[in-house]
Amino acid sequence: MGEGFQSSERAEEHTALLAAIVESSDDAIVGKTLDGNVTSWNRGAEAMFGYSASEMLGRPLTVLFPAERVGEEQAILARIGRGERIEHFDTVRIRKDGTAIDVAVTISPIVDAKGHVIGAAKIARDISERKRTLAALTASERQYRVMFQESPLPKWIFDVKTLKFLATNRAAQEHYGYSEAEFLARTIRDIRPPEDLPALAADILQAHGTHSRSGEWRHRKKDGTIIHVQVHAHDVQLGENVARLVVAQDITERKLAETRLRAQLVRLDLLHRITRAAGERQDLRSIFQVVIRSLEDNLPLDFCCIGLYDPPDPRIRVSCVGFKSAALALELAMPEQAFVPIDENGLSRCVHGFLVYEPEIAEVKFPFPERLVRGGLHSLVAAPLLVESKVFGVLVAARREPQSFSSGECEFLKQLCEHVALAAHQAELHGALQQAYDDLRQTQQAIMQQERLRSLGQMASGIAHDINNAISPATLYTESLLEQEPNLTDRGREQLAIVQHALEDVAQTVARMREFYRQREPELTLSPVNLNQLAQQVIGLTRARWHDMPLQRGTAIDLQTELREDLPAIMGVESEIREALINLVLNAADAMPEGGRLALRTQVIGGGDTEATRYAQITVSDTGVGMDEETRKRCLEPFFTTKGDRGTGLGLAMVYGMVRRHSAELAIESAPGQGTEMKLSFAIPVTATDGAEPRLTTSVPSRLRLLIVDDDPLLIKSLHDTLELDGHSVVTANDGQSGIDTFRLAHGRKASFDAVITDLGMPHIDGRKVAIAIKTISPATPVIMLTGWGQRLVAEGDVPPHVDQVLSKPPKLRELRETLARLCSPVPP
């Protein structure tokens with residue numbers, strides 16, 4: 001709901017209240033224009049003059065004037081037009097039935113927002129009875145006494161000088177509780193409260209010489225009860241003394257009603273201000289603070305707090321304490337975050353949704369009320385914070401004086417808690433929505449980052465393929481020369497060895513580029529994994545982060561490795577474990593911005609002489625900034641990061657996911673300023689060995705007839721030359737279709753090939769199609785695929801079904817010879 005609407009609604013409430021008071025008044029209250037035409041006419045005017053509102057609205061007020069007094073209207077309007085106020089003007093008016101009545105008139109100007117007089121408001125009181133009383137006094141003592149005594153309103157006469165009562169009627173005696181003799185023995189001071197006596201003296205002095213006067217005063221009855229009265233006083237001359245005739249009307253109920261209405265309006269305004277202030281805040285604590293501060297300043301309260309309730313917990317947790325209540329809260333053992341048990345007292349009823357008011361909590365013999373009494377509090381209101389029929393909190397308001405909360409204040413606190421509960425619920429929804437938005441944004445960023453990494457990885461894989469093709473001839477020729485050229489000088493052999501090492505370094509770099517991006521397998525297919533080999537791969541893949549980048553910043557990270565030589569193999573998904581170790585190493589490097597020590601260690605734990613499970617453990621440790629206990633507990637949560645915009649919060653979550661999928665264990669040890677140690681422990685299968693692959697000792701059959709299919713002429717030439725040096729007969733084809741045609745032709749002539757070596761990526765007819773065609777023609781002929789994507793095909797289980805062996809570029813003579821020996825050797829009988 002908008003503020004403008006709320007302001008309008010409050011203005012309408014004020015207007016409605018004013019209209020109700022005007023309409024219910026016994027006095028005639030009339031509005032008129034400066035032309036004298038009637039604009040408003042209340043029920044008091046209808047009763048006094050006999051005309052209904054419909055009869056008088058729009059008509060000139062002079063219809064009530066006797067003919068001889070019509071001229072008064074022009075003089076009155078002239079004075080009102082000048083902004084004057086006319087008080088207690090006694091005159092005569094004519095009722096609808098033609099009878100004349102005596103009235104006392106007060107007329108006030110009505111001004112607009114700019115201060116211009118636009119009309120007049122007239123209040124008229126019927127003083128006919130007073131006139132008749134005075135007439136009776138002067139005309140007939142007997143008639144005066146009858147009228148004086150029989151009047152239903154309290155009346156008395158007192159001496160203005162001595163203030164002694166001279167006469168009272170029966171209504172005054174009954175209403176005030178004094179007998180006539182008791183009245184006559186007292187002065188007017190005796191029926192006024194002591195604190196009002198200075199005002200009485202000023203009133204007597206101000207009224208001296210005034211013919212008549214009206215006003216509102218407080219009077220005191222004989223039993224001490226204070227009442228509010230409206231009095232009409234008239235001075236009469238009794239010989240040399242002045243006496244004052246007073247007619248009193250008890251308006252206590254009306255004043256109390258007006259007081260209650262004003263208090264209600266004040267509370268409504270306070271409720272509006274608190275609700276608006278709470279609605280502008282988006283978290284529970286700030287909402288509670290503004291509510292409690294407003295209550296302490298405006299209600300006011302001696303103690304105020306708000307506690308949260310989360311069933312079935314039989315306690316309330318103090319969430320917010322008022323600033324002015326803080327000292328008393330410590331005395332009561334109720335500071336913020338303290339717990340208050342819910343026993344069989346007001347709190348137990350409050351958490352069930354009921355407003356509780358204890359006018360004297362000293363009479364309630366339970367721990368919580370007794371605690372408040374020890375702090376000097378005696379009056380308590382507990383109001384529930386209720387949303388969707390569920391209580392989630394309690395507002396506690398207390399005062400030191402017993403019975404100090406009115407019913408209006410209790411109702412106000414109940415309504416306030418309804419608004420506060422709604423604001424708190426909205427804040428909770430806003431917080432949940434904000435958290436969902438943040439999670440979505442982080443997820444989107446993570447997906448975008450993963451997509452960028454995927455694209456970059458694909459590009460890196462393509463670059464790696466091209467580099468492998470380019471260095472393959474140099475690798476083959478260098479290895480062949482070192483192995484088979486006997487006339488090399490020592491210097492030439494040394495230089496070729498350096499070239500060979502350089503080419504191997506390039507191949508390792510390319511291998512790291514290939515591992516930059518790796519698709520996940522849809523299901524977890526386990527195979528033997530050598531953690532020592534993975535550790536070496538990870539060191540190479542992450543070298544730029546822990547070695548090169550720190551050097552650019554002028555710092556250094558020392559790498560230490562301690563890898564157990566006979567470490568048994570484990571069963572797992574090599575790509576997932578590699579990715580997890582990369583994340584741990586990168587985190588360790590990030591934790592050492594000023595440099596430090598990075599260590600990788602493998603070992604076997606558990607087992608011993610018993611049959612207990614043994615574990616292969618790999619540890620990644622650093623000497624970086626470390627983590628406090630709270631960060632250590634949360635570091636595995638998705639999207640939790642301490643790196644700000646540099647981190648996604650997914651790295652360790654992915655590590656944890658890998659650990660769970662492998663039924664492994666993850667231990668984290670860290671402390672601020674002392675570094676971090678991450679330990680991954682994998683169960684060792686009972687039949688696991690050290691993972692060493694047996695060396696092939698079978699010799700390569702001599703004089704094999706081989707077909708090489710590749711679109712790279714340099715690679716074809718280098719393979720041709722190298723394999724011919726090994727004694728083989730080599731035929732080459734520079735594309736897939738030529739390779740198929742060559743093989744088909746040879747097979748038809750009964751001069752089939754012993755093996756076919758083909759590339760994967762070739763235009764039009766790729767290596768897969770070549771393999772299918774070869775196996776279709778001759779199922780027994782081995783097909784070896786030599787490709788720059790070799791390791792990736794094997795790791796991802798993407799080896800084409802018609803390929804017998806996949807080798808990676810750049811090729812190594814040893815691997816090629818071993819493959820030919822295994823595939824082309826005759827089967828032993």
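None of these values were measured; they are calculated from a predicted model.

1. Observations regarding the overall build of the protein
- If you tally the helices and strands in the protein, you get 26 helices and 28 strands.
- Within the protein, contacts between residues at least 6 apart in sequence are counted, and of these 59% link residues at least 24 apart.
- For the protein, the computed accessible surface area is about 43400 Å², with 53% contributed by carbon and sulfur atoms.

2. Observations regarding the pairing of strand S11 (residues 303-309)
- Counting buried positions along S11 yields seven of seven residues, so the element is predominantly enclosed.
- Alternating residues of S11 divide into Phe-303, Cys-305, Gly-307 and Tyr-309 and Cys-304, Ile-306 and Leu-308, and every residue in both groups is buried.
- Bridging between S11 and strand S16 (residues 390-399) involves six bridges; their strand directions are antiparallel. Paired with Ile-306 across the strands is Leu-395, a residue of S16.
- Where S11 meets strand S12 (residues 315-321), five bridges bridge the pair, whose relative direction is antiparallel. Bridged to Ile-306 within S12 is Cys-320.
- Where S11 hands over to S12, the hairpin turn is made up of five residues, counted between the paired strands.

3. Re the pattern of salt bridges
- Under the definition given, this model contains 34 salt bridges.
- A salt bridge links Asp-313 to Arg-315; the nearest nitrogen and oxygen atoms lie 3.2 Å apart.
- Here Arg-349 ties to Glu-358 by a salt bridge, and the two come within 3.0 Å at their closest N and O atoms.
- Judged by relative accessible area, which is 41%, Arg-349 ranks as partly exposed.
- Looking at Glu-358, the relative accessible area reads 16%, which means it is buried.

4. Re helix H23 (residues 736-748)
- A rise of 1.5 Å per residue sets the reference length of H23, with its 13 residues, at 18 Å; its end C-alpha atoms lie 18 Å apart and thus fit the reference within 8%.
- Within the span of H23, buried status applies to Gly-736, Gly-739, Ile-740, Phe-743 and Ala-746. Projected down its long axis, H23 shows its buried positions confined to an angular sector of 135 degrees, all on one face.
- For H23, the elements touching its buried residues are strand S24 (705-709), strand S25 (729-733), strand S26 (755-758) and helix H24 (767-777).
- Downstream of H23 by one or two residues, Lys-750 has phi in the positive range, about 65 degrees.

5. Overview of the sheet that holds strand S18 (residues 557-562)
- Strand order across the open sheet formed by five strands is S18-S20-S21-S23-S22, with mixed pairing between neighbours. Of all strands in the sheet, those bounded by a partner on one side alone are S18 and strand S22 (665-670). Between one strand and the next, the sheet's axes are offset by a mean angle of 15 degrees, whatever the strand orientation.
- Bridge analysis of strand S21 (residues 614-622) against strand S23 (residues 676-683) gives eight bridges, and the strand direction is antiparallel. Of the residues in S23, the one forming a bridge with Tyr-615 is Ala-683.
- Together, S18, strand S20 (596-606), S21 and S23 form the strand contacts of helix H19 (residues 574-590), whose direction differs from that of S21 by roughly 30 degrees.

6. Description of the side chain of Thr-676
- Inspection of the secondary structure assignment puts Thr-676 in strand S23.
- A distance of 2.8 Å separates the side chain of Thr-676 from the side chain of Ser-670, its partner in a polar contact.
- Ignoring anything within four residues of it in the chain, the contact list for Thr-676 reads Val-620, Ser-621, Asp-622, Gly-626, Met-627, Ile-668, Glu-669 and Ser-670.

7. A few points about the pairing of S20
- In terms of strand pairing, S18 meets S20 through six bridges, oriented parallel. Opposite Asp-558, over in S20, you have Arg-597 as the bridge partner.
- The sheet contact formed by S20 and S21 spans nine bridges and is antiparallel. What sits directly across from Ile-605, in S21, is Tyr-615.

8. Some details on helix H11 (residues 284-298)
- The end-to-end C-alpha separation of H11 is 21 Å, in line with the 21 Å expected for 15 residues at 1.5 Å each.
- Listed in full, the buried residues belonging to H11 are Ser-286, Ile-287, Phe-288, Val-290, Val-291, Ile-292, Ser-294, Leu-295 and Glu-296.

9. Some words on the confidence of the model for the protein
- The share of residues in the protein with pLDDT of 70 or more is 83%, and the mean pLDDT across the chain is 81.
- Segment residues 1-8 is flagged for pLDDT under 50; beyond a separation of four residues in sequence, or across chains, it makes four contacts in the model.

10. A look at the packing of aromatic side chains
- Evaluated as defined, the whole model comprises eight aromatic pairs.
- Residues Tyr-357 and Phe-405 carry aromatic rings whose centres are separated by 6.1 Å and whose planes lie at 80 degrees to one another, so their mutual orientation is edge-to-face. Placement of Tyr-357 in strand S14 (residues 356-358) and of Phe-405 in the loop between S16 and helix H15 (407-484) is noted, with a sequence separation of 48 residues between them.
- Pairwise contacts between aromatic rings join Trp-156, Phe-165, Tyr-176, Tyr-178 and Phe-183 into one cluster.
- In this structure, Arg-399 is placed above the aromatic ring of Phe-405, and the distance from its NZ or CZ to the ring centre is 4.3 Å.
- The aromatic ring of Phe-753 is capped on one face by Arg-705, whose charged end is 4.3 Å from the ring centroid.

11. Topic: unusual backbone geometry
- In this structure, the amide linkage connecting Pro-311 to the following residue, Pro-312, adopts the cis form with an omega of 10 degrees.
- Turning to its location among the elements, Pro-312 is positioned in the loop between S11 and S12.
- Residues Lys-809 and Pro-810 are joined by a peptide bond in cis, for which omega reads -5 degrees.
- Although it is not a glycine, Ala-333 adopts a positive phi angle of roughly 60 degrees.
- Mapping Ala-333 onto the fold places it in the loop between helix H12 (326-331) and strand S13 (339-341).

12. Here's the deal with the sheet that holds S26
- Spatially, the five strands line up as an open sheet ordered S25-S24-S26-S27-S28, and their pairing is parallel. What marks the edges here is a single partner per strand, and that holds for S25 and strand S28 (805-808). Sheet twist, expressed as the mean angle between neighbouring strand axes with direction ignored, is 20 degrees.
- Where strand S27 (residues 783-787) lies against S28, four bridges are found, and the strand directions are parallel. By the bridge assignment for S28, Met-785 is matched with Val-806.
- Against the sheet, H24 touches S26 and S27, its axis set at about 170 degrees to S27.

13. Considering the packing of helix H17 (residues 531-541) against H19
- Relative orientation of the contacting elements H17 and H19 amounts to 50 degrees, with a least axis distance of 10 Å. Relative to H19, the element H17 lies oblique. Pair H17 / H19 crosses with right-handed handedness. Here Leu-531, Leu-534, Gln-537, Val-538 and Leu-541 of H17 come into contact with H19, specifically with Glu-574, Ile-577, Arg-578, Leu-581, Ile-582 and Val-585.
- Within the contact of H17 with H19, the residues separate by chemical class into eight nonpolar, one polar and two charged.

14. Focus on the environment of Ile-127
- Mapped onto the secondary structure, Ile-127 falls in the loop between strand S5 (117-126) and helix H5 (128-139).
- In this structure Ile-127 comes out as buried when scored by relative accessible area, which is 6%.
- For the pair Ile-127 and Ala-104, spaced 23 residues apart in sequence, the C-alpha to C-alpha distance is 6.4 Å.
- Beyond its immediate sequence surroundings of up to four residues, Ile-127 is in contact with Asp-90, Asp-102, Val-103 and Ala-104.

Rules behind the numbers
Residues numbered from 1 in each chain as written. Predicted model: local features only at pLDDT ≥ 70, side-chain atom pairs only at ≥ 80, totals over all residues. Heavy atoms only, no water. Helix = DSSP H or I, 4+ residues; strand = E, 2+ residues; numbered from the N terminus. Contact = heavy atoms within 4.5 Å. Areas by Shrake-Rupley, 256 points an atom, 1.4 Å probe, with all protein chains shown as cover. Buried < 20%, exposed > 50% of the residue type's maximum accessible area, 1.4 Å probe, protein only. Pairing = 2+ DSSP bridges. Salt bridge = Lys/Arg side-chain N within 4 Å of Asp/Glu carboxyl O. Expected span 1.5 Å × (residues − 1). Arc of directions from axis to C-beta. Axes fitted to C-alpha atoms, helices over the stretch in contact; angles between N-to-C directions. Polar contact = N/O pair within 3.5 Å; in protein donor to acceptor, adjacent residues only side chain to side chain. pLDDT = per-residue confidence, 0-100. Phe/Tyr/Trp six-rings, centres within 6.5 Å; stacked < 30°, edge-to-face > 60°. Lys NZ or Arg CZ within 6 Å of the ring centre and 35° of its normal. Parallel < 35°, antiparallel > 145°, perpendicular 65-115°, else oblique. Left-handed = near helix turned anticlockwise from the far one by under 90°. Nonpolar A, V, L, I, M, F, W, Y, C, P; charged D, E, K, R; others polar.

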